[in-house]
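# Residue-level structure breakdown
One letter stands for each residue in the lines below.
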Amino acid sequence: MAVLKVKFTKTKRDKLAQILWILNWVSVVSGIILFSLGLFLKIEIKKRNEVMAKGDINSVPNMLISVGVIACIINFLGGKICYDCSDANKFSRWKLVMLPYIVCTFCFTFCILVGALMCYTMRNELEESLYLGLRDAIKFYKDTDIPGRCFLKKTVDLLQIGFRCCGNNGFRDWFEIQWVSPRYLNMASKEVLDRLNSNVDGKFLVDGVPFSCCNPSSPRPCIQYQLTNNSAHYNYDFLTEELNIWMKGCREALLDYYTGIMRSIGIAALLIWLFELSVLIGVRYLQTAMKNVLLLGDLEGESDGWLLENSFVETAKYNISIIKNLGKANQISTVSGMNDPNINIQNTDCDKTNITTKSIPAAR
């Protein structure tokens, strides 16, 4: 029994073909939108790849870009097919192409759904990439004279100012690394030497942060150094007073930023998937209706269109049997009692004529 069978007159078939022709062109625009969203996300990730570890974070934008390009190609072809389907004579040349086209389009729409879901599952990979990338960027913040690292100080400063954040997890991350370059340390100073000698690794560690962590909205002048020393500042208590530096870590700030972008892209991709799925269903109805018209031979009469010719269970069983038969196509039968046809072939004389062979005399 056909699933969701609908009866179409010639007028309805023509209107369906015209509507699908228009919707396929709208789908071309949706493909351009998917391509643009993927390109936008790729550019945004590339802007801050200095503070991201290498990983699979580009898989989502690459997926969206690929799906967008394929959408433009498939829907352009679909528009041409639907335009010709308004004429039964023109449909005959597309008759054998329609079903493979529908199958390919179904797989393509599934890829759109996968791309949309990947936008929501990318958070963990992105968080790990940001954690490792920011850790290394902060670690090499002081290396302004080393090629390949000299730009990291500017990158981290602009990042902290732009996203109103400080450190990787928070401002205390700066307490655990030497972020002041040795060229700016006065080695003749007893205080500097004491700090270097007090550390096992010989690093100059201070309870201070770079200037880019300062909050310009704070009414109090920025306190960068001795953040945990109450006696070093007048009327100051670091435990109770709200510090005039950014409290949020840059990993959290960047993660919130990219999560917001991917959430919006995911919603747009889901809407495009629903739209593409509705167009695909319409094309399936048009294909079955036009196919039945040709079978009936009455081009002006009514015809049935359906989503599936048989029930879901029967269709699934049929497809599974096809897959199983494909696996058996190249196998040699091993049923007991059956021999290899290339072995022990008996020769038969069709004319049943006895051929006398001459005996060869024995050698003396």
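Residues numbered from 1 in each chain as written. Predicted model: local features only at pLDDT ≥ 70, side-chain atom pairs only at ≥ 80, totals over all residues. Heavy atoms only, no water.

## Focus on the overall build of the protein chain
Along the backbone of the protein chain there are nine helices and two strands. Counting helices and strands in the order they occur from the N terminus, the protein chain gives β-α-α-α-α-α-α-α-α-β-α. Going through the 364 residues of the protein chain one by one, you find that 37% of them count as buried. Across the protein chain, every contact between residues at least 6 apart in sequence was considered, and the portion connecting residues at least 24 apart equals 74%. (Helix = DSSP H or I, 4+ residues; strand = E, 2+ residues; numbered from the N terminus. Buried < 20%, exposed > 50% of the residue type's maximum accessible area, 1.4 Å probe, protein only. Contact = heavy atoms within 4.5 Å.)

## Points about a nonpolar patch on the surface
A grouping of W21, I22, W25, V26, F76 and Y83 is seen on the molecular surface, where their side chains present a nonpolar patch of about 620 Å² in accessible area. In terms of residue count, helix α1 (residues 10-47) provides more of the nonpolar patch than any other element does, four residues in total. Structurally, I22 can be placed in helix α1. Overall, the relative accessible area of 49% leaves I22 in the partly exposed class. (Patch = residues over 30% accessible without salt bridge, like charges linked within 9 Å, V, L, I, M, F, W, Y side chains within 5 Å. Areas by Shrake-Rupley, 256 points an atom, 1.4 Å probe, with all protein chains shown as cover. Salt bridge = Lys/Arg side-chain N within 4 Å of Asp/Glu carboxyl O.)

## A few points about unusual backbone geometry
Despite not being glycine, R164 has its phi angle at roughly 55°, a positive value. Along the chain, the position of R164 falls in the loop between α6 (152-163) and α7 (190-198). In this model, Q226 sits at a positive phi of 50°, which is unusual for a non-glycine residue.

## Topic: the pattern of salt bridges
Pairs can form between side chains of opposite charge once their charged atoms are near each other. What the rule picks out here adds up to eleven salt bridges. Note that K10 and D14 form a salt bridge whose closest N and O atoms lie 3.0 Å from each other. Remark: D14 and K10 occur in helix α1; sequence separation between them is four residues, near one turn of the helix. Salt bridges linked by common partners bring E44, K47 and R48 together as one network.

## What about the state of the cysteines?
On inspection of all chains with the given rule, the structure shows three disulfides. Linked covalently through their sulfurs, C214 and C222 form a disulfide whose S-S length is 1.7 Å. Handedness here is read from the sign of the S-S torsion; for C214 and C222, about -75°, the answer is left-handed. Its relative accessible area of 16% is what places C214 among the buried residues. A relative accessible area of 33% means that C222 is categorised as partly exposed. (Disulfide = S-S within 2.5 Å.)

## Observations regarding the nonpolar core
Residues W174 and V209 are the most contacted members of the largest nonpolar core, which totals 79 residues. Broken down by secondary-structure element, the contributors of at least two residues to this core are α1, α2 (59-84), α4 (95-121), α5 (123-139), α6, α7 and α8 (250-296). The element contributing the most residues to this core is α8, with 18 residues. (Core = buried A, V, L, I, M, F, W, Y, C linked by side-chain atoms within 4.5 Å.)

## Looking at the side chain of D173
In this structure, D173 sits in the loop between α6 and α7. One buried charged residue, D173, forms no salt bridge at all, with the nearest opposite charge on R251 at 7.3 Å. Excluding residues within four positions of it along the chain, D173 makes contact with G167 and N168. (Lys, Arg positive; Asp, Glu negative; His and termini not counted.)

## Observations regarding the UniProt feature "transmembrane region" (unreviewed entry) in the protein chain
Residues given the UniProt feature "transmembrane region" (unreviewed entry) here are residues 20-40, 60-78, 98-120 and 265-286. The span residues 60-78 carries 100% helix and 0% strand; its end-to-end C-alpha distance comes to 26 Å. This span, residues 265-286, is 100% helix and 0% strand, and a straight line between its end C-alpha atoms measures 31 Å. (UniProt positions renumbered as here; feature names shortened; annotations may be inferred.)

## Looking at the packing of aromatic side chains
Enumeration according to the criterion identifies eight aromatic pairs in this entry. Between Y141 and W174, the ring centres sit 5.1 Å apart and the planes meet at 70°, which makes this aromatic pair edge-to-face. Remark: W174 occurs in the loop between α6 and α7 and Y141 occurs in the loop between α5 and α6; sequence separation between them is 33 residues. Taken as a pair, Y141 and W174 share a single burial class, namely buried. When the centroid spacing of 5.8 Å and the interplanar angle of 75° are considered together, the rings of F171 and F175 count as edge-to-face. Relative accessible area serves as the criterion here: at 9%, F171 is assigned to the buried category. The class of F175 is buried, set by a relative accessible area of 16%. Put simply, the rings of Y141, W174, W179 and Y225 touch in pairs and so form one group of aromatic residues. (Phe/Tyr/Trp six-rings, centres within 6.5 Å; stacked < 30°, edge-to-face > 60°.)

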